[in-house]
Amino acid sequence: MGNGPSVGAMLEIKGLTRRFGDKTAVDHVSFPVPDGGLTGFVGGNGAGKTTTMRMVMGVLQAHDGEVLWDGTPITAAERRRIGYMPEERGLYPKQAIADQLVYLASLRGMDPGAARAAVMELLERFGLAERAKDHVEKLSLGNQQRVQIIAALVPQPDALILDEPFSGLDPTAVDSMAGLLREHTSRGVPVLFSSHQLDLVDRLCDRLVIMAQGKVVTQGTAEELRAGGPVRYELVTAGDAGWVRDLPGIHVADVDGRTALLEVVESGAEQRVLEQAIRRGPVEEFRRVVPRLSEIYQEATS
Amino acid sequence: MSTRTDQTSQAEATTRHTPTTGRGTEAQQPRTATRGAWLQVARREVLVKLTDKGFLISTVVTVLLIGAVLAIQGFMQNRTSTFDVVTTDSTAAAMVDRIADRAPDIDDKVAVKAGTESDAAAARAAVQDEKVDAWLQRTDSGWTLVTKDTADSDLSTVVSTVVRETALADNATKAGTTMAALQAGTTVTAQQLDGNAERSGLVTALGFIFAILFYLASIMFGMTLASSVVEEKQSRIVEMIAAAIPLRQLLAGKIIGNTVLAFGQMALYVGVGLVGMSFTDYGKYVAGLSGSIGWFLAFFLVGFVALACLWAVAGALASRTEDIQSTSMPITMLMMLMYFGALFLDGTARAIGSFIPPVSSILMPMRVLAGEVSWWEPALALLLLVAFAVGLILVSERIYRRALLQTGGKLSVKDAWRTQE
């Protein structure tokens, strides 16, 4: 686990702290967002994810800590090159979508002509080219979400900070969004996104940061997090598996008839279990149980 | 997080932005500095308004209205009214003939056409049926002008002047003297030190028009500004804007955009008004007014900017469009105060008021127009107004910045001031 490498991470968050009155919403949060990787930001409601992202974007002042870009405190000009999708989505209700996307890009310093070309290209890609002149209120929620992500992608960002980019998307849209993010990570861009959907995060992310009550409780690559969890094996025998309770070097997490879930306390003990099982009769299944992210999450946040 | 000035960050951005692998060429694209972002914001404010049909229609209608009012004014001034006046006997007929002769000399907009009726009943009937305008009749003590309704004032002036002249001349002859002898030493000539009577009336009218224009423009564009602020807040787009540019730039852009619109509209109205006026009898004063109008526009500009900051704050304190009514209440009150102050202050109070911002933005141009002031007075008042505007901008900016990202309901100024960014 640990704090992870700071090498290869253009964007790094160091000791960010924010209080609202007496409540510390974000308490010395530090983690890197490695270049070319998808970093998933996980935590329950009120864990401090949105507050952290807002501080990274400079929308909210940090009371302590800093955001580093290439090793030094990030500047306003560098922030403008980060694509941002806030938790609370919003666009002008009464302006053509293409026009406001061009406007938002021009606020981020892009030449309006170039911005229009880039916007039209992305609208085309998301199948929204014919809707370019429509007002936002006429679009479906899914399409509004697409417009919102386009806003983060024009101009070509140096990093992406996305607050709940998958919320409200159907499975197909989730896949195309994931593909889009991958496209940016393959350019070498660091991507940080928050989500409630743990299985999705598990499937997509190169790295995870888990927050609870304003603090980072654990972080690392998916493999690192799993390695940190308990080593478990599942055994399914032909007869009752209750005998495993008496064996040394293991902890029996669960026995249910012919199935037993074992936690290895002393390394190598699982081999002795298998020998015993074979001696006692047919073994139908014996496999290493890789902990699911939700289990790691529950353990980390409990 | 460290706080640094924009300048240092810009400098750093250019010196150390060396993209690493995979960042592609787009990272090296030159990007305009954050400092110019207000221009984009202002541009949008103007464009959105200029493509708003309601705004365009109301502007065109107003221009047409100004043109129409001035055209009617010019028409009325130049129109000659002809009155048919009948008589029933030769004495009266002779008098009407004299009136018809003299009418153009007394009032060049009045012409009298003489006619006869057989008797009193016929004459009365003709007046009653509006076939003629009046019936002039000799009575024992003098003359009677019979009309259906109230006699036209121009006509009665002409008639009574001629009748009096004629009667006086007759009486003078009877008394053995002449008209000239009788009238010697009776003339009173009015002499006005500042300008003349006609100009004074014009100046008063223009002063009120200025006050109304300022009031209307401030309310209209102030409301526009406040609702465009709350629109960004309510639609939540403000967070994306805040991530891209400093909120100070957003505020500046909005104020500048709306000021350009308000000022442009005002200049258009004033321009149309002046051009129109030059076609009326008041045309001779247009050149003399241009100095005063210059001051009016200068005061309008600064006064509008000062109030615009307050409108922006009213928008930022609201969290839904419906809240603007209540958050903008203090400004509407202030505007009423300014407006009525301009109309009702008199004497010393008016002189003092014309230096006190923001009332000065209406009162001083009115006094300049009336020719009550020396050159340094509007200059000083403008300076005070500028100082006031700068102070207001600083205070407003802080409240605006703090209130803008608070989306949980309506805020009070106090809360917004204390909120942490």
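Just above sits the structure.
From a predicted model like this one, the values you see are computed outputs, not experimental measurements.

K.L.:
Quick question: what am I supposed to make of the sheet that holds strand β2 (residues 110-116) of chain B here?
P.N.:
Two strands in a sheet stick together by hydrogen bonds in their backbones, pointing the same way (parallel) or opposite ways (antiparallel). All names here are of chain B. In spatial order, the strands read β2-β1-β3-β4; together these four strands make up an open sheet with mixed pairing. Sheet topology places β2 and β4 (143-146) at the edges, where each strand pairs with a single neighbour. For this sheet, the mean angle separating the axes of adjacent strands, direction not counted, is 30°. Of the strand pairs in this sheet, strand β1 (residues 81-87) and strand β3 (residues 134-138) are connected by two bridges, and their pairing is parallel. When the bridges of β3 are listed, valine 85 appears paired with alanine 134.

K.L.:
Would you take a moment to explain the environment of B:Ile293 for this structure?
P.N.:
All names here are of chain B. On the secondary structure map, isoleucine 293 appears in helix α11 (residues 283-317). Here the alpha-carbon distance between isoleucine 293 and leucine 369, two residues 76 residues apart in the chain, equals 7.7 Å. The contacts of isoleucine 293, once residues within four sequence positions are left out, are Phe210, Val270 and Leu274.

K.L.:
So what exactly am I meant to see when it comes to the nonpolar core here?
P.N.:
As a rule of thumb, nonpolar side chains are buried together in soluble globular proteins. Core analysis: the largest hydrophobic core is formed by 154 residues, its most contacted members being A:Leu123, A:Ile161, A:Leu162, A:Phe166, A:Phe193 and B:Leu250. With 17 residues, α11(B) is the largest single contributor of residues to this core. If we ignore the near neighbours within four places in the chain, the residues touching A:Phe166 are A:Gln145, A:Val174, A:Met177, A:Ala178, A:Leu181, A:Phe193, A:Gln197, A:Leu200 and A:Leu204. Membership of the second largest hydrophobic core comes to 15 residues, among which are B:Val96, B:Ala134, B:Leu136 and B:Val158.

K.L.:
Could you clarify how one ought to interpret the packing of aromatic side chains in this entry?
P.N.:
Each aromatic ring pair is summarised here by two numbers: the centre-to-centre distance and the angle between the ring planes. Residues and elements named next belong to chain B. For the structure on display, the rule yields 16 aromatic pairs over all chains. Judged by centre distance (5.5 Å) and plane angle (85°), the ring pair of phenylalanine 214 and phenylalanine 300 falls under edge-to-face. Here the residue phenylalanine 214 occupies a position in helix α8 (residues 197-234), and phenylalanine 300 occupies one in helix α11, the gap between them amounting to 86 residues. Taking relative accessible area as the criterion, phenylalanine 214 reaches 1% and is therefore assigned buried. Phenylalanine 300 gets classed as buried once you look at its relative accessible area, which sits at 1%. An aromatic cluster of three or more residues is present, and its members are Phe55, Phe210, Phe214, Phe221, Phe263, Phe296, Phe300 and Phe304.

K.L.:
Is there a simple way to explain the packing of helix α5 (residues 141-153) of chain A against helix α6 (residues 171-186) of chain A in this structure?
P.N.:
Helices that pack against each other are described as a pair by the angle of their axes relative to one another and the distance between those axes. All names here are of chain A. The interhelical angle for the contact between α5 and α6, taken along N-to-C directions, is 5°, at an axis separation of 13 Å. Taken together, the axis directions place α5 and α6 in an arrangement best described as roughly parallel. Where α5 approaches α6, its residues Arg146, Ile149 and Leu153 are matched on the opposing element by Ala173, Met177, Leu180 and His184. Across the contact of α5 with α6, the residue classes break down as five nonpolar, one polar and one charged.

K.L.:
How do you make sense of the sheet that holds strand β8 (residues 191-195) of chain A when you look at a structure like this?
P.N.:
Residues and elements named next belong to chain A. Spatially, β6-β7-β8-β3-β9-β10 is the arrangement adopted by the six strands of the open sheet, whose pairing is mixed. A single partner strand is all that each edge strand has here, and the edge strands are β6 (82-85) and β10 (215-221). Between one strand axis and the next, the sheet turns by 15° as a mean value, whatever way the strands run. Pairing of strand β7 (residues 159-163) with β8, which is carried by four bridges, proceeds in the parallel orientation.

K.L.:
Honestly, the pattern of salt bridges in this entry has me stumped. Any pointers?
P.N.:
Opposite charge on two side chains allows them to pair when their charged atoms are near. Taken as a whole, this structure holds 27 salt bridges over all chains when the rule is applied. We note a salt bridge from A:Glu88 to A:Arg54, for which the minimum N-O separation is 3.8 Å. Placement of the pair is A:Glu88 in the loop between β6 and α3 (97-107) and A:Arg54 in helix α1 (residues 49-57), with a sequence separation of 34 residues. One salt bridge connects B:Asp105 with B:Arg102, and the closest N-O pair in it is separated by 3.4 Å. Taken together, the positions of B:Asp105 and B:Arg102, both in helix α4 (residues 90-106) and three residues apart, correspond to about one turn of that helix.

K.L.:
When you look at the environment of A:Val67 in this model, what are you seeing that I'm missing?
P.N.:
Relative to the helices and strands, A:Val67 is located in strand β4 (residues 64-69). Measuring from C-alpha to C-alpha, the distance between A:Val67 and A:Phe31 comes to 9.9 Å, with 36 residues separating the pair along the chain.

K.L.:
Looking at this structure, how should I read α1(A)?
P.N.:
Given 3.6 residues per helical turn, the α-helix brings residues three or four places apart onto the same face. Residue and element names in this part refer to chain A. Across the nine residues that make up α1, a large majority, eight, are buried. The complete set of buried residues in α1 reads Lys49, Thr50, Thr51, Thr52, Met53, Met55, Val56 and Met57. The first or second residue beyond α1 is glycine 58, which carries a positive phi of 80°.

So, how was this worked out
- Residues numbered from 1 in each chain as written.
- Chains lettered and ligands numbered in written order.
- Predicted model: local features only at pLDDT ≥ 70, side-chain atom pairs only at ≥ 80, totals over all residues.
- Heavy atoms only, no water.
- Pairing = 2+ DSSP bridges.
- Helix = DSSP H or I, 4+ residues; strand = E, 2+ residues; numbered from the N terminus.
- Axes fitted to C-alpha atoms, helices over the stretch in contact; angles between N-to-C directions.
- Contact = heavy atoms within 4.5 Å.
- Core = buried A, V, L, I, M, F, W, Y, C linked by side-chain atoms within 4.5 Å.
- Buried < 20%, exposed > 50% of the residue type's maximum accessible area, 1.4 Å probe, protein only.
- Phe/Tyr/Trp six-rings, centres within 6.5 Å; stacked < 30°, edge-to-face > 60°.
- Parallel < 35°, antiparallel > 145°, perpendicular 65-115°, else oblique.
- Nonpolar A, V, L, I, M, F, W, Y, C, P; charged D, E, K, R; others polar.
- Salt bridge = Lys/Arg side-chain N within 4 Å of Asp/Glu carboxyl O.

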